[in-house]
Amino acid sequence: MAVPDRPGDDSWKIVGRSIPRREDAWLLTGQGCYIDDVPEPSNTLHLGFVLSSEAHARIVLIDAEEALALPGVIDVLTGEDIARLTRPIHTGFLLEGHRDTTRDAVAREKVRFVGEAVAVVVAENPYVAEDGVERVLVTYDPLPAAVALESAAGDDAPLVHEELGTNVVLESTFATEGLDEAFADATRIIKETFRTGRIAGVPMEPRGCLATTGRAGEELTMWTATQIPNIVKTALAKLLGHPESGIRVITPDVGGGFGTKAHFYPEELVCPALALKYGRPVKWIQDRREELLTNIHAREHIYTVEVGIDGDGAIVAMRCNMMANAGAYSSYPFGATLESVGGVRFILGPYHIRNYGYETRAVASHTCPAGAYRGTAQPTAMLAIEGMMDRIAREIGIDPAEARRRNLIKPEQLPYTTAVGTHYRTGSYSESLERALEMIGYEEFRTSQPPDRLVDGKYRGIGICCYTENSGMGVAAVRARGWSVLPGFDGALVRVASDGKVKAFISHAACGQGYHTSFAQIVADQLAVPFEDVSIVVGDTGLTPEGTNTFASRGTVTGGGAAVRACLVVAEKMKRIAAHVLEVSADDIVIENGVAMVQGVPDMRMTVREIAEVAYSLTSHVMPEGDDYGLEATDHYDAGMPTISNAVHVATVAIEPADGTVEVERYVVVHDCGRVINPMIVDGQIHGGAVQALGEVLMEELVYDDAGQLQNATLLEYSLPTALDVPMIDIEHIQSITDENPGGFKGLGEGGVIGGVPALTNAIADALAGIGANVNTNPLKPSRIAELIDAALESR
Amino acid sequence: MSKVEVRLTVNGAEYVRSVEPRYLLVDFLRRELGLTGTHIGCEQGVCGACTVLLDGQTARSCLHFAVQVSGSEITTIEGVSAEASLSPIQDAFHRNHALQCGYCTPGFVLTTVELLRQNPSPDETEIRRGLTNNVCRCTGYVNIIKAVAEAARSMPTGEG
Amino acid sequence: MKPAPFEYVSPETEEEVLDLLRRHGDDARLLAGGQSLVPMLNLRIVQPAVIIDLGRCPSLAYITVENGSLVCGTMTRQMTAERSSEVREACPLLAAALPHLGGTAHRNRGTVGGTLAHADRLAELPAVALALDAELLVRSAGAERTVAASGFFLSDLTTSLREGEMLHAVRFPRAGVHHRAAFAEVGNRRHGFAVVGVAAALEVSKDGACAGVRLAVMGVGPTPVRLAEAEHILVENPFDADILRTAGEAAAQSVDPANDIHASAAYRRRLTATLVERAVREAVA
């Protein structure tokens, strides 16, 4: 793909290099400052939440007497008490077919999932807070619970929100014109249902917050482990009735987010509400049990997909019926629509499918609310479409790679608008597939693969996933999704200090992505100053411009885009100042490596520091006419509709028939996120995502029993992959530059898991295809694989 | 609740504090001594974010009461390298991008210190086995495994 | 997840320990390595009034080989046992099983007696003790008794230790020169809790046949289970594939596992067969 000829493109020198990360300096030496490390004033109060033991019940009585009698317990508050200090959490969603629900920060009257807070204990220290929690006696009147997805959608299911009269909190349908006719024309129709299990992001650091007040409550400062400080700030203003100008939200170092921390949670409302009430700092640190019980869950989905194909295996029509378990409440800011709407829209992937229709439903249940986890609905949507590709191949007797070739959007079809209106500007769909197949030795693997797939006593298979990744949503994109509490734009303030050192304040929040390095690379290139001279501030609403923050692979597109634009303004001003001092035209000034010089006359030069001294009036030079003092610029950038990345993952697996265990033997990725800022960081994101996918496919599953009790709310019972489970991963990059945003960037934070889930699942399905097993349900724990093998062998 | 005296040598310095018997070592390090590089991830000994060296061996600081190990020597991440420098292991983690959010990293570094002390030139399988008791949710382990291999190559035998 | 308050005592002699146990009875819990107990304390699943820390009682940490037995004092750290040449020589099955316990950081602190007395249904050493007919040496103030492993593990997290009693040591019969052993387990991931594990210790005759065999399986019930039928099939037979398969199948038929969120009953049965074959094959290899 040709690089568009645009100004600034030849200026990328630091961007594109694998610079080891700057944040490592503090994270590697124990100097990181995570939420529980933020220095707490000595009069800090610590909160403990009393969690519901019932999935669905009326709260009959809350007896706090014994708790209040404990030395060190200051107060115990119920939902009614908290409701006097806060407004209920409500997203005010604007999407047809969505029935929004409201959540009290602490439950009143009724509880709707195990883990929902029913009271809050205020204590002198975290140990006593827990002592207090244990002594709050809650009497419940249990009610029948709706738990599993299909039963919660049933007509006779207990209602989660009675006032809605249904558990279906979102219903949406879509069809292109002539869909039925297109199906009628199809040579064959293939149908399959895919089920995926409930999982969660499980960042290594649970959540937490610390709220302090100043100036008699006028100022509220809140440290919180979140990906969305600006969204939290606006929510607090609204729900506390506190002037937004008096609220500052700071994210310290955050120990992993993965979407989990891209939601506003009730504790983030209770902490500041109580800080304002008591006029004392209030702190809450989540423990792992609470993390698994109450942080957003994801991926409990059912897709039924029907494709009509022509004689060559090209899809001529497709229908998708999806259901997603939304849990007990709408999440803030995404409502209950995130997965159910995303799944049916993302499913088209990199494929040319003109005739398409969907029906989708989000179903409320008496379980933890569902929402964003890395990739959101894309891993399961791609699992469904990629599962169909393999079924098409099997049905008409062609190779799975060939089935994809016949359906991929071809280079000459770009730019391309999908049947649901998503715009693909640039991409490398076929090229990345062919390269990935080459890297893994696909032909050779297939040639040497016997019909029963048994090689050296193990079933061996290979799985492919070609995917697209939605990234960098701007204003139009968030409006289209109905997200009324998300602005959509992001902002950057770039300031050159009087010594020539640069600080860029960007409206994102870091939780491991390496923003202190990659954003600095962008700014250094755009201002033509040394990388070492640039530092980055993110995650502090008191310092950064307004914005939408960090989720859905937005960072590089929206934050990077804003930074590029702000830098352009600053760079122009630097040129004007230099031109003024050197008495030449600004057009003749070039800046390189921190020095402005007159083109062709290298002796006529000024360092950026000297320019900055002029801007801050620290020399005898005056500013150019019309230019104000200072050397900074703020830009708010709206990326509009999503920018689409693409990649191909191919994996091989070996399955031990005797115990059903899976070993991932090879794993290759060809990745295209447009201009790569820091290849080492991008590769790290892919590695991490792919291994989260491995967890999702092979071992992770949050299991509720019929009564709505979560069966595995500890890391002893919820397994995450470890170093013994993972493959080494080979990655190559293709860079299809886009002109959709100022940097030519495409987001990539979620792609690893989007590609990994289908590639790994399909590899297992391929390994078991020889014996006729049909793989359509995740996760594939050894027990499940052994069952599939047994059933397949028995039916032969 | 009455308090008990705890005496610990941490990163070479001796500390004496009075805490409740139930006070976990990790809370002692973090809240009493301000050594917040040791992180709390699960309080069940599964994740390894709270790993420290206890008398030279890795131990979960969330699975010990401070009083129980009174008199011991503890090394935390803050004691792994001299001020403003990186140890060979930390440097290998840095160069290989073996950390992202960094929350698990102190535990991995201390686990690697012990691993390379006992096996200065581990092969890939031995590295994986050595790291398997610590959970990282960001890196997918690929670069951690590479970093440990590189650290082993770069270190004279026995250096931590 | 912070523990409830407790009183802490750290006696320095076994006599003091037993005296404290006598005085506090069921209000007290013994703290050995703490790798299983402290997670339960942190979750407040158990809330003893008194914690008696055995960590400052040096007489409880020892490994000796005497009278045809290997004896491990209750406070022997698992890593110490794993690195012990006495353990390797006198009790190869224990040596084979130890690396499967938790991770290094756990074995550095966890103790041989602690994991036996904790009696988790997914712990490896109870299966080893059962397979080897180990003897548990139990003491209380002024009394001592020996309990066979078969009578020690009553249920998940439950042993036949009575109020006021502690596990002093475990005695494993010393292995003969033709002794072979292996421990095989499979879990939903490669590290961590197993779904099923099999302990195999056997004697190989000069002609390569099975002169004696001891098998136990964990993960198929609330306690480890001895696999007598499989043992019966193996003994006095050569270690050929058919025999191993038959023994595995007999083992699978003899257990009665249940479904849980990690695996189905059928899978646990299947793993029992697979792991009997695997452990025996590994032992004789």
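Residues numbered from 1 in each chain as written. Chains lettered and ligands numbered in written order. Predicted model: local features only at pLDDT ≥ 70, side-chain atom pairs only at ≥ 80, totals over all residues. Heavy atoms only, no water.

Chemist: What is the right way to read the nonpolar core from this model?
Modeler: Leu47 of chain A together with Phe93 and Tyr141 of chain B are the most contacted members of the largest nonpolar core, which totals 119 residues. Among the elements that line this core, the one with the most residues is helix α7 (residues 229-240) of chain A, at seven residues. Tyr141 of chain B has contacts with Val691, Pro721, Thr722, Ala723 and Val726 of chain A together with Phe108, Asn134, Val135 and Cys136 of chain B, leaving out every residue within four places of it along the chain. Within the second largest apolar cluster, 100 residues are counted, among which are Tyr358, Leu437, Met699 and Leu748 of chain A. (Core = buried A, V, L, I, M, F, W, Y, C linked by side-chain atoms within 4.5 Å. Buried < 20%, exposed > 50% of the residue type's maximum accessible area, 1.4 Å probe, protein only. Helix = DSSP H or I, 4+ residues; strand = E, 2+ residues; numbered from the N terminus. Contact = heavy atoms within 4.5 Å.)

Chemist: Explain the interface of chain C and chain A here, please?
Modeler: When the parts of a complex come together, some accessible area is lost, and that lost area is often used as the size of the interface. In this complex, chain C contributes 24 residues to the contact, which on the side of chain A involves 33 residues. Here chain C meets chain A over a buried area of about 2,500 Å², counting both sides, of which 52% is carbon and sulfur. Run the count over chain C and chain A and you get six salt bridges. Between Arg44 of chain C and Asp131 of chain A there is a salt bridge, and its shortest N-O distance comes to 2.7 Å. (Buried area = accessible area lost by both parts, 1.4 Å probe. Salt bridge = Lys/Arg side-chain N within 4 Å of Asp/Glu carboxyl O.)

Chemist: Looking at this model, I keep getting lost on the interface of chain A and chain B. Mind explaining?
Modeler: If you look at the interface, chain A gives 54 residues, while chain B gives 51 residues. Summed over both partners, the interface of chain A with chain B buries about 4,400 Å², with 58% contributed by carbon and sulfur atoms. The tally of links from chain A across to chain B stands at five salt bridges. A salt bridge links Asp37 of chain A to Arg30 of chain B; the nearest nitrogen and oxygen atoms lie 2.7 Å apart. Across the contact surface, chain A and chain B share 26 residue pairs in polar contact (both at pLDDT 80 or more). At the level of secondary structure, the elements contributing two or more residues to the side of chain A that touches chain B comprise α1 (24-27), α4 (126-135) and α19 (679-698) of chain A. In terms of residue count, the dominant contributor to the side of chain A that touches chain B is α19 of chain A (eight residues). Grouping the amino acids of the side of chain A that touches chain B by side-chain chemistry returns 28 nonpolar, 15 polar and 11 charged. (Polar contact = N/O pair within 3.5 Å; in protein donor to acceptor, adjacent residues only side chain to side chain. Nonpolar A, V, L, I, M, F, W, Y, C, P; charged D, E, K, R; others polar.)

Chemist: Honestly, the pairing of strand β27 (residues 601-607) of chain A in this entry has me stumped. Any pointers?
Modeler: For a regular strand, the rule is simple: side chains alternate between the two faces of the sheet. Residue and element names in this part refer to chain A. One ladder, built from four bridges, connects strand β26 (residues 595-598) with β27; its direction is antiparallel. Paired with Val595 across the strands is Thr607, a residue of β27. Linkage of β26 to β27, two consecutive antiparallel strands, is achieved through a turn of two residues, within which Gly600 is found at a positive phi near 85°. (Pairing = 2+ DSSP bridges.)

Chemist: Hey, could you run me through the domain arrangement of chain C in this one?
Modeler: The domain boundaries assigned to chain C delineate domain 1 (7-52), domain 2 (60-173) and domain 3 (179-284). For domain 1 of chain C and domain 3 of chain C, the distance between their C-alpha centres works out to 35 Å. (Domains from an automatic or database assignment.)

Chemist: Looking at this structure, I do not really get the domain arrangement of chain B. What am I missing?
Modeler: Residue and element names in this part refer to chain B. Each domain of chain B was delimited in the assignment, giving domain 1 (4-79) and domain 2 (88-154). Computed from C-alpha coordinates alone, the two centres of domain 1 and domain 2 are separated by 22 Å. Between domain 1 and domain 2, the residue contacts involve 18 residues of the former and 14 residues of the latter. Across the interface of domain 1 and domain 2, roughly 1,200 Å² is buried in total on both sides, 54% from carbon and sulfur atoms. Broken down by secondary-structure element, the contributors of at least two residues to the side of domain 1 that touches domain 2 are β3 (51-54) and β4 (57-60). Within the side of domain 1 that touches domain 2, the residues separate by chemical class into seven nonpolar, 10 polar and one charged.

Chemist: Teacher, can you tell me more about the side chain of Thr294 of chain A here?
Modeler: Residue and element names in this part refer to chain A. Residue placement: Thr294 occurs in helix α9 (residues 288-294). One polar contact links Thr294 to Gln286, side chain to side chain, over a distance of 3.4 Å. A distance of 2.7 Å separates a polar atom in the side chain of Thr294 from the backbone oxygen of Glu290.

Chemist: What is the right way to look at the packing of aromatic side chains in this model?
Modeler: Two numbers describe a pair of aromatic rings. These are the distance of the centres and the angle of the planes. Following the criterion strictly, the structure yields 17 aromatic pairs over all chains and no others. Ring geometry for Phe334 of chain A against Phe551 of chain A: centres 5.2 Å apart, planes inclined by 75°, an arrangement best described as edge-to-face. Here Phe334 of chain A, found in the loop between β16 (315-327) and α10 (338-346), pairs with Phe551 of chain A, found in the loop between β24 (534-538) and α17 (555-582); they are 217 residues apart in sequence, far enough to count as distant. Assigned by exposure class, Phe334 of chain A and Phe551 of chain A land together as buried. Ring plane angle 70° and centroid distance 4.9 Å describe the contact between Phe65 of chain B and Phe6 of chain C, whose orientation is recorded as edge-to-face. Of this pair, Phe65 of chain B sits in the loop between β4 and β5 (73-75) while Phe6 of chain C sits in the segment before β1 (7-9), on two different chains. (Phe/Tyr/Trp six-rings, centres within 6.5 Å; stacked < 30°, edge-to-face > 60°.)

Chemist: For this particular structure, what's the right way to read the sheet that holds strand β28 (residues 632-637) of chain A?
Modeler: Remark on secondary structure: sheet strands pair via backbone hydrogen bonds, oriented parallel or antiparallel. Residues and elements named next belong to chain A. Strand order in the open sheet made by the four strands is β24-β23-β22-β28, with mixed pairing throughout. Looking at which strands have only one partner, the edges of the open sheet turn out to be β24 and β28. Put simply, the sheet's adjacent strands are angled 15° from each other on average, direction ignored. The pairing of strand β22 (residues 490-496) with strand β23 (residues 502-506) spans five bridges and is antiparallel. The partner of Val494 across the bridge, within β23, is Ala504. (Axes fitted to C-alpha atoms, helices over the stretch in contact; angles between N-to-C directions.)

Chemist: When you look at the environment of Val10 of chain B in this model, what are you seeing that I'm missing?
Modeler: Residue and element names in this part refer to chain B. Within the secondary structure, Val10 is located in strand β1 (residues 4-10). For Val10, a relative accessible area of 1% translates into the label buried. Each C-alpha atom of the pair Val10 and Glu150 lies 28 Å from the other, and the pair is 140 residues apart in sequence. Filtering out sequence-adjacent residues up to four positions away, Val10 remains in contact with Tyr15, Leu29, Leu33, Leu35, Ile74 and Thr76.

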